[in-house]
Amino acid sequence: MASLNVGNLGEYLREQRRTAQLSLRQLADAAGVSNPYLSQIERGLRKPSAEVLQQVAKALRISAETLYVRAGILDEKEREELETRAVILADPSINERQKQVLLQIYDSFRKENAADAAAAADTDATPPSSQ
């Protein structure tokens, strides 16, 4: 797990809040956190929990996973996997059995590609034999 980069997170939150045309107080109210606490997060002085980030993301109508990546709680690959899973699970046009089958196929492809990448890395790391 990466270290917490609260400065980068704070700048990003401020940018998202301004894009959403919300005051600090409005966002704090919508997220259910105190105005001073949110201000400290934006200034990089506080390290918010995943729960607080989720509340802020919901209030800003952005992905919580994006904030987790910015905060160093989640890496980019994990975020992509979680978002893919969330999209599959949220699709109302397929039933639960179909969703589970899709997730199983997705997992099998990920494992296969990871094994292929590991094998390729082993091949690249093996020095050529001298004859």
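Right above here is the structure, for reference.
Note that this is a predicted model, so its numbers are computed, not measured.

(A) Structural detail: helix α5 (residues 64-71). Of all the residues in α5, the buried ones are Ala 64, Leu 67, Tyr 68 and Ala 71. Projection of α5 onto a plane perpendicular to its axis shows the buried side chains occupying an angular sector of 105°, all on one side. Gly 72 sits one or two residues past α5 and shows a positive phi near 80°.

(B) Broad picture of helix α6 (residues 76-90). In this model, α6 (15 residues) spans 21 Å end to end at C-alpha, consistent with the 21 Å of a helix rising 1.5 Å per residue. Along α6, the residues that are buried comprise Arg 79, Arg 85 and Ile 88. One side-chain oxygen at the N-terminal end of α6 lies 3.2 Å from the backbone nitrogen of Lys 77; it belongs to Asp 75.

(C) Inspection of the pattern of salt bridges at higher detail. Summed over all chains, the structure comprises six salt bridges. When the shortest N-O distance is used, the salt bridge between Glu 96 and Lys 99 registers 3.4 Å. Remark: Lys 99 and Glu 96 occur in helix α7 (residues 96-125); sequence separation between them is three residues, near one turn of the helix. Residue classification places Lys 99 among the buried positions, given a relative accessible area of 7%. The structure contains a network of salt bridges with shared partners spanning Glu 81, Arg 85, Asp 107 and Arg 110.

(D) Region of interest: the packing of α5 against α6. The geometry of α5 relative to α6 is characterised by a closest axis approach of 9 Å and an angle of 170° between their N-to-C directions. Classed by the angle they form, the pair α5 and α6 counts as roughly antiparallel. Side by side, α5 and α6 meet where Glu 65, Thr 66 and Val 69 of the first sit next to Glu 76, Arg 79, Leu 82 and Glu 83 of the second. Of the residues assigned to the contact of α5 with α6, the class counts are two nonpolar, one polar and four charged.

(E) Molecular detail of the packing of helix α4 (residues 50-60) against α5. Interaxial distance between α4 and α5 falls to 8 Å at its minimum, and their mutual angle equals 130°. With respect to their mutual orientation, α4 and α5 come out oblique. Classified by chirality, the crossing of α5 by α4 is right-handed. For the pair formed by α4 and α5, the contact residues are Ala 50, Leu 53, Gln 54, Val 56 and Ala 57 on the first element and Ala 64, Leu 67, Tyr 68 and Ala 71 on the second. Residues that form the contact of α4 with α5 fall into these classes: eight nonpolar, one polar and no charged.

Cut-offs used in this document
Residues numbered from 1 in each chain as written. Predicted model: local features only at pLDDT ≥ 70, side-chain atom pairs only at ≥ 80, totals over all residues. Heavy atoms only, no water. Buried < 20%, exposed > 50% of the residue type's maximum accessible area, 1.4 Å probe, protein only. Helix = DSSP H or I, 4+ residues; strand = E, 2+ residues; numbered from the N terminus. Arc of directions from axis to C-beta. Expected span 1.5 Å × (residues − 1). Polar contact = N/O pair within 3.5 Å; in protein donor to acceptor, adjacent residues only side chain to side chain. Salt bridge = Lys/Arg side-chain N within 4 Å of Asp/Glu carboxyl O. Axes fitted to C-alpha atoms, helices over the stretch in contact; angles between N-to-C directions. Parallel < 35°, antiparallel > 145°, perpendicular 65-115°, else oblique. Contact = heavy atoms within 4.5 Å. Nonpolar A, V, L, I, M, F, W, Y, C, P; charged D, E, K, R; others polar. Left-handed = near helix turned anticlockwise from the far one by under 90°.

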